[in-house]
Amino acid sequence: MYTKSAKPGEVTRNWYVVDAEDLVLGRLATRIADVLRGKHKPSYTPHVDTGDFVIVVNAEKIKLTGNKLEQKTYYRNTGYPSGIRKATAKELIDTKPDFIIRTAVKGMLPKNKLNRKIINKLKIYAGPEHPHKAQCPEPLKI
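Our subject in this report is the structure included herewith.

About the criteria used
- Residues numbered from 1 in each chain as written.
- Predicted model: local features only at pLDDT ≥ 70, side-chain atom pairs only at ≥ 80, totals over all residues.
- Heavy atoms only, no water.
- Phe/Tyr/Trp six-rings, centres within 6.5 Å; stacked < 30°, edge-to-face > 60°.
- Helix = DSSP H or I, 4+ residues; strand = E, 2+ residues; numbered from the N terminus.
- Buried < 20%, exposed > 50% of the residue type's maximum accessible area, 1.4 Å probe, protein only.
- Salt bridge = Lys/Arg side-chain N within 4 Å of Asp/Glu carboxyl O.
- Pairing = 2+ DSSP bridges.
- Contact = heavy atoms within 4.5 Å.
- Axes fitted to C-alpha atoms, helices over the stretch in contact; angles between N-to-C directions.
- Expected span 1.5 Å × (residues − 1).

1. As for the packing of aromatic side chains
One pass over the structure, following the stated rule, counts two aromatic pairs. Aromatic pair Trp15 and Phe53: ring centres 4.3 Å apart, planes at 5°, arrangement stacked. Placement of the pair is Trp15 in strand β1 (residues 15-19) and Phe53 in strand β2 (residues 53-57), with a sequence separation of 38 residues. For Phe53, a relative accessible area of 18% translates into the label buried. Seen in terms of ring centroids, Tyr74 and Phe99 are 5.9 Å apart; in terms of plane orientation they differ by 75°. Their pairing is edge-to-face. Of this pair, Tyr74 sits in strand β3 (residues 73-77) while Phe99 is found in helix α4 (residues 97-106), placing the two residues 25 residues apart along the sequence. In this structure Tyr74 comes out as buried when scored by relative accessible area, which is 11%.

2. Some thoughts on the pattern of salt bridges
Pairs can form between side chains of opposite charge whenever their charged atoms are close. All chains considered together, the criterion is met by three salt bridges. A network of salt bridges, in which partner residues are shared, links Arg13, Asp49 and Lys121.

3. Brief notes about the sheet that holds β2
Taking strand neighbours across the sheet as the criterion, the four strands line up as β5-β2-β1-β6 in an open arrangement whose pairing is parallel. Strand pairing shows two members of the sheet lacking a second neighbour, β5 (122-124) and β6 (138-139), which therefore form its edges. Most of the contacts of helix α1 (residues 25-37) go to β2, to which it runs at about 155°, and overall it touches β1, β2 and β5. Against the sheet, α4 engages β2 and β5, with an angle of about 155° to β5.

4. Focus: α1
For α1, spanning 13 residues, the distance from its first C-alpha to its last is 18 Å, which sits close to the expected 18 Å at 1.5 Å a residue. Taken as a whole, α1 has its buried residues at Leu25, Leu28, Ala29, Ile32, Ala33, Val35, Leu36 and Arg37. Where the residues of α1 are buried, they touch β1, β2, β3, α4, α5 (113-119) and β5. Backbone geometry just downstream of α1 places Gly38 in the positive-phi region, at approximately 95°.

Written out as structure tokens, the structure is:
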């Protein structure tokens, strides 16, 4: 008996769409990370990108539990001396709602080269419209 590993050329990719309206950020991010990695498929192989594409719409209507909207702080660095910038989750939802979801999902992916390939299959849009209608995305159960 031997274990069959998926090969990159044999992988079939589906497209899924998720409506993030009134969904909790962490629960949404874990489900998206599993689909991006391909853990929902029987042909899952840890060292091969077997995952599917995920489209997230209504990212601006995501829900955070507790006081995280005012207390959770995101940091970034411009690269210049004293270039650390910080913003609360509320400020980011108003300006860049896709950043919060992308950061949460990226933190749940493996920290290697595969992470960079996988995160490119995540498409996030602030409003209800997306330009991927030709791919015929299926709704993803959360």
